[in-house]
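# Survey of secondary and tertiary structure
The chain contents come next:
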Amino acid sequence: MTAQHPEPSPRPAPPGALPGDLRASHDDREAVVEQLRDAAAEGRIDLDELDARLEQALTSKTHNELAVLTADLPSGHSPAGQSPLVVAGGTFGASRGPERWEVPGHVIARGGVGGVKLDFTRVECRLKEVAVEAYGEISGATIVIPDTWAADTSGMDPGFGGLTDKTTPDRLPGTPLIRLTGSGGAGGVVIRHPNRRERRKLDSNSLKS
């Protein structure tokens, strides 16, 4: 019968060690990763810089090493101090719109198993930019924006499913810019203007109102 040895207890921090010299945990690294992704969604760092910082964050050993990665970023995680709106596809899918809905400065869309759709065609938004994090995951994510809006997809990781950008650069002054980040995952991410069926529905609703 093999003798079982007790698990070694964690070693205490060396006497006199400063807080920043202490070893970082998985949760510490994950918190920095989330802050970096939020910063990319807000346009504070570009995709190349995000990739470099994420790699450093995941291999950082101490709090000091993590602190360097976010020293030039605000501590808040979302624009204007608001919590992001999360729309998750889950098992059966989810959508927001095309009915009127309040658009925050930061929206997170997760495709899940059922897929997710964000439709901005009937919203009134006075923000200069809207940060949208889209994760295609299994069944994909679709973002529909009005013809007068434009999108910046340079911060998007296409993943296996890819990114399909069918938007035009024509932007009406005073309308929001959708700054898209995230990952295509397996299902992919599509951002586009309304299709024919959606346009007919929009025209029908405008006649009724």
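Everything that follows concerns the structure shown earlier in this document.
Along every chain, residues carry numbers that run from 1 in the direction the sequence is written. Only residues with pLDDT of at least 70 get local features here, since the model is predicted, and only at 80 or more are side-chain atom pairs given and counted; chain-wide, interface and lining totals rely on the full set of residues. Neither water nor hydrogens contribute to the side-chain values; these are computed over all heavy atoms in the structure.

### Thoughts on the packing of helix α1 (residues 26–41) against helix α2 (residues 47–59)
As a reminder of what qualifies: Between N-to-C directions, angles span 0 to 180 degrees; the directions come from axes that are lines fitted to C-alpha atoms, helices contributing only their stretch in contact. Numbered from the N terminus, helices here are DSSP runs of H or I no shorter than four residues, and strands are runs of E no shorter than two. For this classification, under 35 degrees means roughly parallel, over 145 means roughly antiparallel, 65 to 115 means roughly perpendicular, and everything else is oblique. Here, residues are in contact when the closest pair of their heavy atoms is within 4.5 Å. Basically, the charged four are Asp, Glu, Lys and Arg, the nonpolar ten are Ala, Val, Leu, Ile, Met, Phe, Trp, Tyr, Cys and Pro, and anything else, Gly included, counts as polar.
At a closest axis distance of 9 Å, the pairing of α1 and α2 adopts a crossing angle of 175°. It follows from the interaxial angle that α1 and α2 lie roughly antiparallel. In this structure, α1 uses R29, V32, V33, L36, R37 and A40 to contact α2, whose residues at the interface are L50, R53, L54, A57 and L58. Classifying every residue of the contact of α1 with α2 gives eight nonpolar, no polar and three charged.

### Details of the packing of α2 against helix α3 (residues 63–70)
Put simply, the rule is: Two helices crossing with the near one rotated counterclockwise from the far one by less than a right angle form a left-handed crossing, whereas a clockwise rotation gives a right-handed crossing.
Relative orientation of the contacting elements α2 and α3 amounts to 165°, with a least axis distance of 9 Å. In this view, α2 runs roughly antiparallel relative to α3, as classed from their interaxial angle. Two packed elements cross with a definite hand, and for α2 against α3 that hand is left-handed. For the pair α2 and α3, the contacting residues are R53, Q56, A57 and T59 in the first and E65, L66 and L69 in the second. Partitioned by chemical class, the residues of the contact of α2 with α3 number three nonpolar, two polar and two charged.

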